[in-house]
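Notes for the structure review
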Amino acid sequence: MLAEERFGQILNLLSKQRTATVQELCEALGTSESTIRRDLTELDRLGKLNKVHGGATLPDSRFQAEEPTMQAKETLAVPQKRAIAAAAAALIHAEDFVFIDAGSTTLELVRALEGEALQANYVTTGATFVTTSIACARRLSELGRKVYMVGGRLKLGTEAIVGAAAVSSLQQYNFTKAFMGANGVALEAGFTTPDPEEAAVKATVVHRARESWFLVDDAKFARICPAVIADLHSGAILTNRCPSPKYKQYTLVKETEL
């Protein structure tokens, strides 16, 4: 197989799954590890991909302006989100005053709290919660947790409370921990989302929290949306897998797949 053909197949595979290990590429192309590593070095030099330890990722250039609905989000990367949610739940303690963002991964966090409560592995019943998510508020209330809803305009697609009233309401709180959602995470653009109103709400929370954790599965990396929430220095990342070690130069990154 000619080098140009291999380059095309490598980029085609990355366009489908955004990241790939050297072993995956060897199996897909039926070629040696040394050849794949040389190809990745050349493609990285050409700016076609980012060569990372053990594989490659696409450059930080994917732009997403549309916001998927909550129903659509709940069908994506479910095992990854559940692993992230379980790790996030373990960070919550009885004395915490916690913000939980609207989103599919944060909803999995609330479900993880229910599961941990049943297993009695640790006690979080004393924690107090504030949320902009209708679904999270309902589930937390059903669990018997103390939960406050933020006032504002209901955005039906994401089932989130947004707007100036929400921002004003959040400025009355100080959070020990905030568990945030984001549609995109990129090295230069930071944490982003399609809707400026949601971005303003999220940015306010990050400013008011002692610890901010962005719960993002690996499909969110190298994706940029129109509205900036915060730069990478402003929050830690909790993910199933970080595709590039470069992110760890900017902030704390915890991975569930080690």
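For the structure itself, consult the block above.
To keep things clear, this report deals only with the structure shown in the data block. (Residues numbered from 1 in each chain as written. Predicted model: local features only at pLDDT ≥ 70, side-chain atom pairs only at ≥ 80, totals over all residues. Heavy atoms only, no water.)

**Topic: the pairing of strand β16 (residues 236-239)**
- In β16, alternate side chains face the same way, and those of Ala 236 and Leu 238 on one face and Ile 237 and Thr 239 on the other are all buried.
- Taken together, the three bridges between strand β13 (residues 209-215) and β16 define a ladder with parallel strand orientation. By the bridge assignment, Leu 215 is partnered in β16 with Leu 238. (Buried < 20%, exposed > 50% of the residue type's maximum accessible area, 1.4 Å probe, protein only. Helix = DSSP H or I, 4+ residues; strand = E, 2+ residues; numbered from the N terminus. Pairing = 2+ DSSP bridges.)

**Quick look at a nonpolar patch on the surface**
- Where nonpolar side chains cluster on the molecular surface, the patch consists of Ile 134, Met 149, Leu 154 and Leu 156 and spans about 360 Å² of accessible area.
- On the secondary structure map, Leu 154 appears in strand β8 (residues 153-155).
- Looking at Leu 154, the relative accessible area reads 43%, which means it is partly exposed. (Patch = residues over 30% accessible without salt bridge, like charges linked within 9 Å, V, L, I, M, F, W, Y side chains within 5 Å. Areas by Shrake-Rupley, 256 points an atom, 1.4 Å probe, with all protein chains shown as cover. Salt bridge = Lys/Arg side-chain N within 4 Å of Asp/Glu carboxyl O.)

**Comments concerning the nonpolar core**
- Counting 35 residues, the largest nonpolar core has Phe 99, Phe 175, Val 185, Phe 191 and Tyr 247 as the members making the most contacts within it.
- Among the elements of the structure, β9 (160-162), α8 (164-170), β10 (175-180), α9 (196-208), β13 and β15 (227-230) are those that each provide at least two residues to this core.
- Counting residues per element, this core draws most heavily on α9, which supplies four residues.
- When neighbours within four sequence positions are excluded, Phe 175 is seen to be in contact with Phe 97, Val 98, Phe 99, Val 130, Leu 170, Val 205, Arg 208, Ala 209 and Arg 210.
- Judged by nonpolar contacts, the second largest core, of 24 residues, contains Ala 88, Leu 109, Val 110 and Ala 112. (Core = buried A, V, L, I, M, F, W, Y, C linked by side-chain atoms within 4.5 Å. Contact = heavy atoms within 4.5 Å.)

**Concerning the sheet that holds strand β1 (residues 19-21)**
- Pairing is antiparallel across the open sheet formed by three strands, whose spatial order is β1-β3-β2. Edge positions in the sheet fall to β1 and β2 (50-52), since each has one partner strand and no second. Across the sheet, the mean angle from the axis of one strand to that of its neighbour is 20°, orientation sign disregarded.
- Bridge count for β1 against strand β3 (residues 55-57) is three bridges, and the pairing is antiparallel. Note that in β3 the partner of Thr 19 across the bridge is Thr 57.
- Contacting β1 and β3, helix α1 (residues 3-17) crosses the sheet at an angle of about 125° to β1.
- Against the sheet, helix α2 (residues 22-29) engages β1 and β3, with an angle of about 85° to β1. (Axes fitted to C-alpha atoms, helices over the stretch in contact; angles between N-to-C directions.)

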